Amino acid sequence: MVKPEPAPEYPAHWEADVVLRDGGTGHLRPMTAADADAVQAFHMAQSQNSIYLRFFTYKSKLTAKELRRFTELDYRNRVAFVITRGGEIIGIGRYDRLDDPAEAEVAFNVSDANQGRGLGSILLEHLAAAARENGIGKFSAEVLPENRKMIQVFSEAGYEVHRHFDDGVISLHFDIDPTEKSRAVMESREHRAEARSVAGLVAPTSVAVIGASREWGSVGQQLLEHVVEGTFTGTIHAVNQDALEVSGMLPYASISEVPGPVDLAVIAVPYSQVPAVVEQCGKAGVKGLVVATAGFADDGEAGLARQRALVRQARANGMRLVGPASLGLANTDPAVSLNASMAPALPRAGGLGIFTQSAALGVSLFASMSRRDLGMSTMLSAGNRADVSGNDMMQFWEDDPNTTACALYLESIGNPRKFSRISRRLARSKPVIVAKSDSMGLRLPPGHVVRTTQAPAGALDAMLRQSGVVRVNTIEELSDVAQIVVGQPLPQGPGLAIIGNSAAMGSVVADATEQYGLTVAALESTLMLDTGQSRALPLLRRTVLEALARDGVDSAIVTLLPVIGLTVENIAKTLQACSEETGKPVIAVFSGVFDPRIHVNRQMSGSLPAYSSPGAAIAALAAVTRYAHWLTLESPVFEPPAGVNPQAVETLLDTWLENVSGDGLVTLSAAQARELLGHYGIGVMESVPFGSEDEAVAAAERLGWPVAIKTIDPSLRHRLDLGGVRINIENADSLRRNIVQMRKYLKPYGDKELEVQSMAEVGQSCTLRAIEDPLLGPVVSFGLSGDAVNLLDDWAHRVPPLSVGDTAELVRSPRAAVKLFGYEGLPAGNVAALEDLVARVAMLKDEHPEVAFLEFKPILVGPTTVTVLAVDLRIGNPAQRTDSARRAMIS
């Protein structure tokens, strides 16, 4: 009796929640045999034209044989995906492998009601990712000429599509390996979809507050009151199943009773009722949710499980979700005027977009901004950040004309690679200020369900610097920087004019200026301003303008002690006029004013940044100056090194990992490591282990004299001081003597195995390391070997992909890197060759997450050559990176 074939394993890792072109959501998953009835229902609901375009003929119903063929899949040679909304199939995509095992035929079918929402392009991305995973590199399709929408899906995907017309059918063929163009297309579509999904949340036309209460001070009562008093321009509904009247409104008993569509539902019901309310919102066609209800983080694993189910439920019904435990959101655009938050009043309109996570920090940041009278465009508190994240908000801000600067306080980060990609692009047009604690990524706040990092300290900060964001530590620092970027032109250099009415204060500010990397280009700290307003203000204006006109002055700081007869508003108005006249930033420090708000009315005095502490002012200005310098750098250029063969490495890794399961690592032999690295143009100097003196001599004769001998023990291998290595051995007799002496000196450390290696050009010893981190993905680290990295932790880190500028900056960032450029009379090393090596390692790690750990120790950077003397390379089965070549929301 023939045993039946085992059922193929369901590829759960292919499941994903996706954002559609119009900002709605859907759930994408592999099709199963259990979908047969749903596929039949989907087919029978399609129009005759859609059926004809898919099957080249009309068939009112699929046969049982067709249903089996469509739904019974092996997830290798035959794969199909469905996109569902509310459990109903709205799109199907599939591929079938052809006789050529590297090619598959692909086909799509999207429901009539959902055409034009981008389902076809999403299905193509996910099918291509699954096909590449299964060793398929090319797709083909046959399309009728009148099926223009499907032809458009293929032609606009960024692949190089080849067409052939024969017998009334267009045949399409294209390679599905990601290209620069296909990645750009995917990122552009992702940007538009996610921006629209957030726009639907912050600019709704109708809002329902569910849990609106008559109890004064309750969350539901305050949320409804704030929406009403914020003069929201759309329709407002109150939902309360018990009350007869709420805030002068007649409430509805449930969301299903509310007439007309509801764009945004604000949920403030007890913790236990939230899932049922979300389900009702899905059935009622609500487009977005703000869940103010807390408690999910306080209920242990059960609460987190309920939170994840809540997000799945919302996304499956096409809804984005803000929260749970959200402080709410606000939009000051007069066309919207929405305050669906716990903030007592709608903030003053301005250009600053604000994103926070936990409600407590949202309150603190809002208070800090309010003290400075900073105007805001949009504000969103993500609470536990279960769905809508800072990445989503940045996508929205990039297109929002009302937002001129962006501020985020992050307690956790779910997709740092995507954050880096978006912020690098956004920061080119709008300043991005990020506050985070030093422990972010190492541990999670309550209710946050994302990965944590195992990368070296400083790697996440390095990624932020690569992205061009202004990195600060605290809410107050964030607000200090925001004052400058929302109201002042950016400084064009580090030159600073210091102006004031106290010589002692001027000296303090000058010292701080140099500490923060700025230069004192002008100093006038003895202004006499106690001559009355009519004389003092013109003198102040003339002094500031003269200072700003000097060569080398890029900005000015005016530090003033209180002067009788001069109000801070009039001083601020004068200084703001100087800034506007010269196009250079001016900031003010009003020392000795005890009120931290320093009574500067921005509506009267303009947008002058004002501080009570000169240290805070200088720190903020220095941060903005660094950002302005980053903008002057050329847009990052990503140039892959010549002579690399990623496909060959993929083949090697597939072979070596074929029998490796779980998260175990395999350390490659020296020969295997050299073979793999050779496909990326990286050479490793051969070293030969030996047992006897004769074996050592034979190896030296083959490798070439002079040679070095060293212990294989990694703790002693390159330690001349401990007898772990001997160099410049010229002949066989010398080699034999050195072996005897070396074994004698190493005896206290045990019997150590030895190896022989040819001598490389003398140079500076360096270490280059690359790891695969669960949160950040690939991380590349560089330092100069020895005490610099071992004792002083003098490492530099970057997160691939690395631009040409990133690579150059990486090798120059360690404090000890001055040794590479000629130090105390020593010749400079071949830094260009070192940068080429770093670029190859960065590309290797970016392309191959299976390379779990790679360390070159040491690398000798000589005047003409760069030589890798030893390598430690370990491979394993990687987890799915947080930012993959397919659009998906992090769950």
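Residues numbered from 1 in each chain as written. Predicted model: local features only at pLDDT ≥ 70, side-chain atom pairs only at ≥ 80, totals over all residues. Heavy atoms only, no water.

Of regular secondary structure, the protein chain possesses 26 helices and 36 strands. The C-alpha atoms of the protein chain give 32 Å as radius of gyration, which agrees with the globular expectation for 891 residues (29 Å, within 12%). Judged by the C-alpha coordinates and their principal axes, the protein chain covers about 100 × 95 × 55 Å. When the 891 residues of the protein chain are sorted by exposure, 55% land in the buried category. The long-range share in the protein chain, meaning contacts at least 24 apart out of those at least 6 apart in sequence, stands at 71%. Of the accessible surface of the protein chain, which amounts to about 37900 Å², a share of 52% is contributed by carbon and sulfur atoms. Here the protein chain contributes 82 positive and 102 negative side-chain charges, whose respective centroids are spaced 1 Å apart. (Helix = DSSP H or I, 4+ residues; strand = E, 2+ residues; numbered from the N terminus. Rg over C-alpha atoms; globule rule 2.2 N^0.38 Å. Buried < 20%, exposed > 50% of the residue type's maximum accessible area, 1.4 Å probe, protein only. Contact = heavy atoms within 4.5 Å. Areas by Shrake-Rupley, 256 points an atom, 1.4 Å probe, with all protein chains shown as cover. Lys, Arg positive; Asp, Glu negative; His and termini not counted. Charge placed at Lys NZ, Arg CZ, Asp CG, Glu CD.)

Before going further, it helps to spend a moment on the packing of aromatic side chains. Enumeration over the complete set of coordinates arrives at 10 aromatic pairs. For the pair Phe 154 and Phe 174, a centre-to-centre distance of 5.6 Å together with 50° between the ring planes defines the contact as tilted. With Phe 154 in helix H5 (residues 148-155) and Phe 174 in strand S8 (residues 169-175), this pair connects stretches of sequence that are 20 residues apart. Exposure remark for Phe 174: the relative accessible area of 1% places this residue in the buried category. A ring pair is formed by Tyr 159 and Phe 174, whose centres lie 5.4 Å apart and whose planes are at 20°; its orientation type is stacked. Of this pair, Tyr 159 sits in the loop between H5 and strand S7 (162-166) while Phe 174 sits in strand S8, and the two are 15 residues apart along the sequence. Here Tyr 159 matches Phe 174 in class, with each residue buried. (Phe/Tyr/Trp six-rings, centres within 6.5 Å; stacked < 30°, edge-to-face > 60°.)

Right, let's get into the side chain of Thr 84. Among the structural elements, Thr 84 can be located in strand S3 (residues 78-85). Judged by its relative accessible area of 6%, Thr 84 is buried. Discounting residues that sit within four places of it in the chain, Thr 84 has contacts with Gly 26, His 27, Arg 29, Ile 89, Ile 90 and Ala 316.

Here the focus is the pairing of strand S21 (residues 495-500). Most of S21 sits out of view: 6 of its 6 residues are buried. Neither face of S21 is open: one carries Gly 495, Ala 497 and Ile 499, the other Leu 496, Ile 498 and Gly 500, and all of them are buried. One ladder, built from 5 bridges, connects S21 with strand S22 (residues 519-524); its direction is parallel. Paired with Leu 496 across the bridge in S22 is Val 520. As a crossover connection, the stretch from S21 through helix H15 (residues 503-515) into S22 is right-handed. As paired elements, S21 and strand S23 (residues 555-560) share 5 bridges and run parallel to each other. (Pairing = 2+ DSSP bridges. Right-handed = clockwise from strand over helix to strand, strands pointing away.)

So, about the environment of Gly 704. You can see Gly 704 is positioned in the loop between helix H22 (693-703) and strand S28 (707-711). Distance from Gly 704 to Met 759, taken between C-alpha atoms, is 8.6 Å for residues 55 residues apart in sequence.

Turning to H22, a few remarks are in order. Buried residues of H22: Ala 696, Val 697, Ala 699 and Ala 700, and no others. Angular distribution of buried residues about the axis of H22 spans 165°; they occupy a single face of the element. For H22, exposure combined with an orientation more than 90 degrees from the buried face picks out Asp 694, Glu 701 and Arg 702. Of the surrounding elements, those touching the buried residues of H22 are strand S27 (687-690), S28, helix H23 (732-746) and strand S30 (754-758). (Arc of directions from axis to C-beta.)

As a rule of thumb, non-glycine residues mostly have phi less than zero, and peptide bonds are mostly trans rather than cis. The peptide bond linking Pro 800 to Pro 801 adopts the cis configuration, its omega dihedral lying at 5°. The linkage connecting Lys 857 with the following residue, Pro 858, adopts the cis geometry, with an omega of 0°. Positive phi values are uncommon outside glycine, yet Tyr 75 reaches one of about 60°. Along the chain, Tyr 75 turns up in the loop between helix H3 (64-71) and S3. For Thr 231, which is not glycine, the phi torsion reads 60° and is therefore positive. Position of Thr 231 relative to the elements: it lies in the loop between helix H7 (219-229) and strand S10 (235-239). Judged by its relative accessible area of 52%, Thr 231 falls in the exposed class.

Attention now goes to the packing of helix H16 (residues 533-549) against helix H17 (residues 568-582). When two helices pack together, their arrangement is given by the angle between the helix axes and the distance between those axes. Close contact between H16 and H17 brings their axes to 10 Å; oriented N to C, the two are set at 30°. By the angle between their axes, H16 is roughly parallel relative to H17. Classified by chirality, the crossing of H17 by H16 is right-handed. Contacts between H16 and H17 involve Gln 533, Leu 537, Leu 540, Arg 541, Val 544, Leu 545 and Leu 548 on the former and, on the latter, Asn 570, Ile 571, Thr 574, Leu 575, Ala 577, Cys 578, Glu 581 and Thr 582. Along the lines of polarity and charge, the residues of the contact of H16 with H17 split into 9 nonpolar, 4 polar and 2 charged. (Axes fitted to C-alpha atoms, helices over the stretch in contact; angles between N-to-C directions. Parallel < 35°, antiparallel > 145°, perpendicular 65-115°, else oblique. Left-handed = near helix turned anticlockwise from the far one by under 90°. Nonpolar A, V, L, I, M, F, W, Y, C, P; charged D, E, K, R; others polar.)

The next subject is the pairing of strand S17 (residues 376-381). Of all 6 residues in S17, 6 are buried, a share of seventy percent or more. Taken together, the 4 bridges between strand S14 (residues 328-331) and S17 define a ladder with antiparallel strand orientation. Its bridge partner being in S17, Asn 331 is matched across the sheet by Thr 378. Bridging between strand S16 (residues 349-356) and S17 involves 5 bridges; their strand directions are parallel. Residue Leu 352 lies in a different strand from S17, and its bridge partner there is Met 376. This β-α-β element, S16 to helix H10 (residues 359-371) to S17, shows right-handed connectivity.

One open sheet accounts for 7 strands, arranged S15-S14-S17-S16-S18-S19-S20; its pairing is mixed. Two strands close off the open sheet at either side, each with one partner strand: strand S15 (338-341) and strand S20 (470-472). Going across the sheet, the axis of each strand differs from the next one's by a mean of 15°, ignoring polarity. Where helix H6 (residues 180-202) meets the sheet, its contacts fall on S14, S15 and S17, and the angle it forms with S14 comes to roughly 90°.

Here the focus is the pattern of salt bridges. Pairing is possible between side chains of opposite charge, provided their charged atoms come close. Tallying each qualifying case throughout the model produces 38 salt bridges. Linking Arg 421 and Glu 190 is a salt bridge whose minimum nitrogen-to-oxygen distance equals 3.0 Å. Placement of Arg 421 in helix H12 (residues 416-426) and of Glu 190 in helix H6 is noted, with a sequence separation of 231 residues between them. Under the relative-accessibility criterion, Arg 421 is labelled buried at 16%. Taken together, the shared-partner salt bridges in this structure form one network comprising Asp 17, Arg 315, Arg 320, Asp 387 and Asp 392. (Salt bridge = Lys/Arg side-chain N within 4 Å of Asp/Glu carboxyl O.)

All right, on to the sheet that holds S27 then. Read from one edge of the open sheet, 4 strands run S27-S30-S28-S29, paired in antiparallel fashion. Across the chains shown, the open sheet's two edge strands, defined by having one partner strand only, are S27 and strand S29 (725-729). Taken pair by pair, the neighbouring strands of this sheet meet at an average axis angle of 20°, ignoring direction. Against the sheet, H22 touches S27, S28 and S30, its axis set at about 20° to S30.

Attention shifts here to the packing of H6 against helix H11 (residues 390-399). At a closest axis distance of 8 Å, the pairing of H6 and H11 adopts a crossing angle of 90°. By the angle between their directions, the pair H6 and H11 is classed as roughly perpendicular. Note on element contacts: H11 touches H6 through Asp 392, Met 393, Gln 395, Phe 396, Glu 398 and Asp 399, opposite Glu 190, His 191, Glu 194, Ala 195, Val 198, Ala 199 and Val 202. Class assignment for the residues of the contact of H6 with H11 results in 6 nonpolar, 2 polar and 5 charged.

Here we take up H12. Of all 11 residues in H12, 10 are buried; the element is thus mostly enclosed. If you check which residues of H12 are buried, you get Pro 416, Arg 417, Lys 418, Phe 419, Ser 420, Arg 421, Ile 422, Ser 423, Arg 424 and Leu 426.

What follows deals with the confidence of the model for the protein chain. In the predicted model, the protein chain carries a mean pLDDT of 91, and the fraction of residues at 70 or more is 95%. Throughout residues 594-599 the model reports pLDDT below 50, and contacts reaching past four residues in sequence, or to other chains, amount to 11 contacts. (pLDDT = per-residue confidence, 0-100.)

Next up on the list: the side chain of Lys 59. Turning to its location among the elements, Lys 59 is positioned in the loop between helix H2 (48-55) and H3. Among the polar contacts made by the side chain of Lys 59, one reaches the side chain of Glu 66 at a distance of 2.5 Å. When near neighbours in sequence (up to four residues on either side) are disregarded, Lys 59 contacts His 43, Ile 51 and Glu 66. (Polar contact = N/O pair within 3.5 Å; in protein donor to acceptor, adjacent residues only side chain to side chain.)

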